[in-house]
Amino acid sequence: MNKRVGVLAVVISLSLLFLVQGCSDDKKSSKPSSSNSSSIESSKRTPAAPVGYIEISFQSTPIVNKIPGRVVPFQVAEVRPQVSGIVQKRMFTEGSIVEEGEQLYQIEPNRYQADFESAQASYNNAQARVENAQSVVNRYDSLAASDVLSQQAFDDAETELTQAEASLAQAQAQLKTARINLAYTKVYAPITGFISPSNVTKGALVSQQQEQPL
């Protein structure tokens with residue numbers, strides 16, 4: 001009787017032990033580990049980020065420095081009138097490039113044209129006097145050689161010729177001056193470059209070698 005009870009108790013205790021162990025194994029197998037679950041969830045939440053790359057190579061890079069500066073012309077010409085008169089025309093665009101010898105202004109030339117024509121007439125008159133005096137000297141020269149004409153008359157003829165030649169030279173100089181003044185009514189650019197704004201307009205009175213440039 002006692003042996004049976006002991007065997008029964010052992011069997012029951014072993015059965016209970018196996019039952020407890022089975023339950024604990026089932027719980028362990030049914031419950032996933034925290035590390036595995038967190039990794040699975042994180043892999044579902046954030047996909048893998050794409051990885052890019054760049055290639056590095058050596059190359060020359062210029063170094064540019066921006067420094068403020070001011071342009072200074074190497075040639076400057078202040079244009080002033082050489083004769084007095086009324087500006088008849090301005091023949092350039094302000095701020096544009098003008099070439100050397102290009103006409104910039106036209107000063108009214110009527111008075112200077114009249115002076116030129118008067119000087120031309122005086123020159124022609126003086127030249128005619130020289131020719132007449134020269135012909136008289138040529139005639140008197142042959143007469144003086146044959147003692148038909150006095151030496152005094154011949155000397156007077158030569159003196160007249162000399163005076164006529166002097167008058168011709170003076171008339172020639174006046175004609176040259178009148179021609180120059182007439183040419184000065186056309187004002188030309190002395191150099192090539194950008195031209196500044198004009199200080200005078202059409203109809204302005206300018207004077208010879210005035211202080212203010214055109």
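On a predicted model such as this, the values are computed, not experimentally measured, just so you know.

Undergrad: Explain the pairing of strand β1 (residues 85-90) to me, please; I cannot follow it from the model alone.
TA: Regular strands have side chains that alternate between both faces of the sheet. Taken together, the two bridges between β1 and strand β6 (residues 205-206) define a ladder with antiparallel strand orientation. For Ile86, the partnering residue across the bridge sits in β6 and is Leu205. Bridging between β1 and strand β3 (residues 103-107) involves three bridges; their strand directions are antiparallel. The residue bridging Val87 from the neighbouring strand is Ile107, located in β3.

Undergrad: What should I look at first to understand the confidence of the model for the chain in this one?
TA: The predicted coordinates should not be examined in detail at positions where pLDDT is low. Residues of the chain with pLDDT of at least 70 account for 72%, and the chain-wide mean is 78. The spread of mean pLDDT over the elements of the chain runs between helix α1 (residues 2-30), the lowest at 46, and β3, the highest at 94. Within the model, pLDDT remains below 50 along residues 1-12, and this stretch shows zero contacts once partners closer than five positions in the same chain are excluded. Within the model, pLDDT remains below 50 along residues 14-20, and this stretch shows zero contacts once partners closer than five positions in the same chain are excluded.

Undergrad: Sorry if this is basic, but what is going on with the sheet that holds β1 here?
TA: Strand pairs in the sheet, formed through backbone hydrogen bonds, run parallel or antiparallel to each other. The antiparallel open sheet is built from four strands, whose spatial order is β4-β3-β1-β6. Each edge of the sheet is formed by a strand with only one pairing partner; in this case those strands are β4 (186-188) and β6. Here β3 pairs with β4 via three bridges, running antiparallel. Within β4, the residue paired with Gln103 across the bridge is Tyr188.

Conventions adopted
Residues numbered from 1 in each chain as written. Predicted model: local features only at pLDDT ≥ 70, side-chain atom pairs only at ≥ 80, totals over all residues. Heavy atoms only, no water. Pairing = 2+ DSSP bridges. Helix = DSSP H or I, 4+ residues; strand = E, 2+ residues; numbered from the N terminus. pLDDT = per-residue confidence, 0-100. Contact = heavy atoms within 4.5 Å.

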